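The lines below spell out each chain.
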Amino acid sequence: HRGTPYVYQGEELGMTNSRFDSLSAFRDIESLNYYAQAVGAGDAPEHVLAGLRAMGRDNARTPMQWDASEHAGFTTGTPWIAANRNRAEINAEAALADPDSVFHHYRRLIELRHTEPVVAHGEFHMLLPDDDRIYAFTRRLDDVELLVLGNFSGDTVTAGVDRAWEDAEVLIGGGGGLTLGPWEGRVLRSSRS
């Protein structure tokens, strides 16, 4: 989209929410107060913890995962909150070494924004506004048009857009055509007059 892109708190590596096993693993005072209030009102402690694991602010406060070491390369000391257990698989060192990583995907998206004026300046047209699985739109500037597709489901889905896009040049994403795998995104480019 046209706005200023932000990459926030490890998104460029695909960092995930941490699984906090108990209330003692949390540090956020708002989460701790909410837990006490909710459990005091009769909510089941495990239900409240599950909610905090998904929505609590501490997920964005775990140490940046630089490498697979004990504290993810963030410190040689003891961090104020534990590093995510998946630091061995998801970390900057591994992402830089993998050309198909989330990090390199972000790099391709940023490069596309710099090399294709249509991304920031093109006319936006929403497609499939009622589709619960596919987010689709075009951007057009002069004779260049981009089709952006995102499959926001766990199913393989074919986007119900103009079939003329099936043979378009793939700029971002694997394969080609209009069928996307689970959670897949694709950007296609066409020069039309």
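Now for a description of the structure that goes with this document. None of these values were measured; they are calculated from a predicted model. (Residues numbered from 1 in each chain as written. Predicted model: local features only at pLDDT ≥ 70, side-chain atom pairs only at ≥ 80, totals over all residues. Heavy atoms only, no water.)

## A few points about the nonpolar core
In this structure, Ile-134, Leu-147, Leu-149, Val-161 and Leu-178 are the most contacted members of the largest nonpolar core, which totals 13 residues. Apart from residues no more than four positions distant in its own chain, Leu-178 is found in contact with Leu-147, Leu-149, Val-157, Thr-158, Ala-159, Val-161, Asp-162, Arg-163, Trp-165, Glu-166, Arg-186 and Leu-188. Membership of the second largest hydrophobic core comes to 9 residues, among which are Val-119, Phe-137, Leu-146 and Val-148. (Core = buried A, V, L, I, M, F, W, Y, C linked by side-chain atoms within 4.5 Å. Buried < 20%, exposed > 50% of the residue type's maximum accessible area, 1.4 Å probe, protein only. Contact = heavy atoms within 4.5 Å.)

## Remarks on unusual backbone geometry
Although it is not a glycine, Leu-128 sits at a positive phi angle of roughly 55 degrees. Of note, Leu-128 is situated in the loop between β1 (123-127) and β2 (134-141). Look at Trp-183: it is not a glycine, yet its phi comes out positive at around 60 degrees. Along the chain, Trp-183 turns up in the loop between β6 (179-180) and β7 (185-191). (Helix = DSSP H or I, 4+ residues; strand = E, 2+ residues; numbered from the N terminus.)

## Re a nonpolar patch on the surface
A surface patch of nonpolar side chains, about 540 Å² in accessible area, is lined by Phe-124, Met-126, Tyr-135, Phe-152 and Trp-183. Topologically, Met-126 is positioned in strand β1. (Patch = residues over 30% accessible without salt bridge, like charges linked within 9 Å, V, L, I, M, F, W, Y side chains within 5 Å. Areas by Shrake-Rupley, 256 points an atom, 1.4 Å probe, with all protein chains shown as cover. Salt bridge = Lys/Arg side-chain N within 4 Å of Asp/Glu carboxyl O.)

## Describing helix α2 (residues 45-55)
The complete set of buried residues in α2 reads Val-48, Leu-49, Leu-52 and Arg-53. Each buried residue of α2 sits inside an arc of 140 degrees when the element is viewed along its axis, so together they form one side. Those residues of α2 that are exposed and aimed more than 90 degrees away from the buried face are His-47 and Met-55. Elements that come into contact with the buried residues of α2 comprise α1 (29-40). (Arc of directions from axis to C-beta.)

## Comments concerning the pattern of salt bridges
Counted by the stated rule, this structure contains 11 salt bridges. Salt-bridge contacts for Asp-58 lead to Arg-61; the nearest nitrogen and oxygen are separated by 3.9 Å. Given a relative accessible area of 0%, Asp-58 falls into the buried group. Bridged by salt links that share partners, the residues Asp-28, Glu-30, Arg-57, Asp-58 and Arg-61 form one connected network.

## Digging into the sheet that holds β2
Pairing is antiparallel in the open sheet, where 5 strands are placed in the order β1-β2-β3-β7-β5. Here the strands that pair on one side only, and so sit at the sheet edges, are β1 and β5 (169-172). This sheet shows a mean twist of 25 degrees between the axes of neighbouring strands, independent of strand direction. Contacts from helix α4 (residues 102-115) reach β5 and β7 within the one sheet, and its direction differs from that of β5 by about 115 degrees. (Pairing = 2+ DSSP bridges. Axes fitted to C-alpha atoms, helices over the stretch in contact; angles between N-to-C directions.)

## Considering the layout of surface pockets
Computed from the structure, the largest pocket encloses a volume of approximately 870 Å³. Lining the largest pocket are 28 residues, and of these His-1, His-105, Leu-109, Val-148 and Val-187 lie nearest its centre. At 7 residues, α4 tops the list of elements feeding residues into the lining of the largest pocket. Residue composition of the lining of the largest pocket, by class: 17 nonpolar, 7 polar and 4 charged. Considered as a void within the structure, the second largest pocket measures approximately 210 Å³ in volume. Along its surface, the second largest pocket is lined by 15 residues, and Tyr-8, Gln-9, Asn-17, Asn-59 and Ala-60 are the ones closest to its centre. Of the residues in the lining of the second largest pocket, the class split is 5 nonpolar, 7 polar and 3 charged. (1 Å grid on protein atoms, 1.4 Å probe; cavity = no way out; pocket = protein on both sides within 12 Å on 5 of 7 lines; lining within 4 Å. Points joined across faces, edges and corners; volume = space filled by probe spheres on them. Nonpolar A, V, L, I, M, F, W, Y, C, P; charged D, E, K, R; others polar.)

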